[in-house]
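# Observations on the model geometry
Next come the chains, spelled out residue by residue.
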Amino acid sequence: MEWKTENNCLTKEFVLKNFKEAVRFVNQVMPLAEAADHHPDLLIHSYKKVKVMLMTHSEGKITEKDHSLARQIEAEFTKKFG
């Protein structure tokens, strides 16, 4: 599944093996977001799914900052979990 626009956010749902892996993935996203001075919405649901929602709050819209972080998150997922 590719990233898509949903409710004015760039979103993607990642499916992990189990709850432990979902939490581990969220913990991998945190330093990427902090380094980018970005604070995505992260939702763990259905015990092994993580929905990532990106929007530059100061701009009130999706910006290049969101696309950049999405690429980093995608690369981290592929490297560690894919």
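Everything in this summary refers to the structure shown in the same document.

Basis of the calculations
- Residues numbered from 1 in each chain as written.
- Predicted model: local features only at pLDDT ≥ 70, side-chain atom pairs only at ≥ 80, totals over all residues.
- Heavy atoms only, no water.
- Helix = DSSP H or I, 4+ residues; strand = E, 2+ residues; numbered from the N terminus.
- Rg over C-alpha atoms; globule rule 2.2 N^0.38 Å.
- Buried < 20%, exposed > 50% of the residue type's maximum accessible area, 1.4 Å probe, protein only.
- Contact = heavy atoms within 4.5 Å.
- Areas by Shrake-Rupley, 256 points an atom, 1.4 Å probe, with all protein chains shown as cover.
- Lys, Arg positive; Asp, Glu negative; His and termini not counted.
- Charge placed at Lys NZ, Arg CZ, Asp CG, Glu CD.
- Axes fitted to C-alpha atoms, helices over the stretch in contact; angles between N-to-C directions.
- Parallel < 35°, antiparallel > 145°, perpendicular 65-115°, else oblique.
- Left-handed = near helix turned anticlockwise from the far one by under 90°.
- Polar contact = N/O pair within 3.5 Å; in protein donor to acceptor, adjacent residues only side chain to side chain.

## So, the overall build of the protein
A count of helices and strands for the protein gives two helices and four strands. Seen in sequence order, the protein has helices and strands lined up from the N terminus as β-β-α-β-β-α. Here the C-alpha atoms of the protein give a radius of gyration of 12 Å, agreeing with the 12 Å that 2.2 N^0.38 yields for 82 residues. Dimensions along the principal axes, computed over C-alpha positions, put the protein at roughly 35 × 25 × 20 Å. Here the protein holds 82 residues, and the buried ones make up 38% of them. Sequence-distant contacts in the protein: of pairs separated by 6 or more residues, those separated by 24 or more amount to 61%. In the form shown here, the protein has an accessible surface area of approximately 5,000 Å², with 52% of it arising from carbon and sulfur atoms. The averaged location of the 12 negative side-chain charges in the protein is 7 Å from the averaged location of its 13 positive side-chain charges.

## Looking at the packing of helix α1 (residues 19-35) against helix α2 (residues 64-80)
When two helices pack together, you describe them by how their axes are tilted relative to each other and by the distance separating the axes. As a packed pair, α1 and α2 sit with axes 10 Å apart at the nearest point and diverge in direction by 140°. As judged from the angle between their axes, α1 and α2 are oblique. As α1 packs across α2, the resulting crossing turns out to be right-handed. Together, R24, F25, Q28, V29, L32 and A33 of α1 and L69, Q72, I73, E76, F77 and K80 of α2 make up the contact between the two elements.

## Points about the side chain of K51
Residue position: K51 is located in strand β4 (residues 49-54). In terms of polar contacts, K51 uses its side chain to reach the side chain of E6, at 2.4 Å. The residues contacting K51, other than those within four sequence positions of it, are E6, T11, K12, E13, D41, L42, L43 and H45.

## Re the environment of E2
If you trace the backbone, E2 turns up in the segment before β1 (4-6). Between the alpha carbons of E2 and L42 there is a distance of 17 Å; along the sequence they are 40 residues apart. If sequence neighbours within four positions are ignored, E2 has contacts with T11 and K12.

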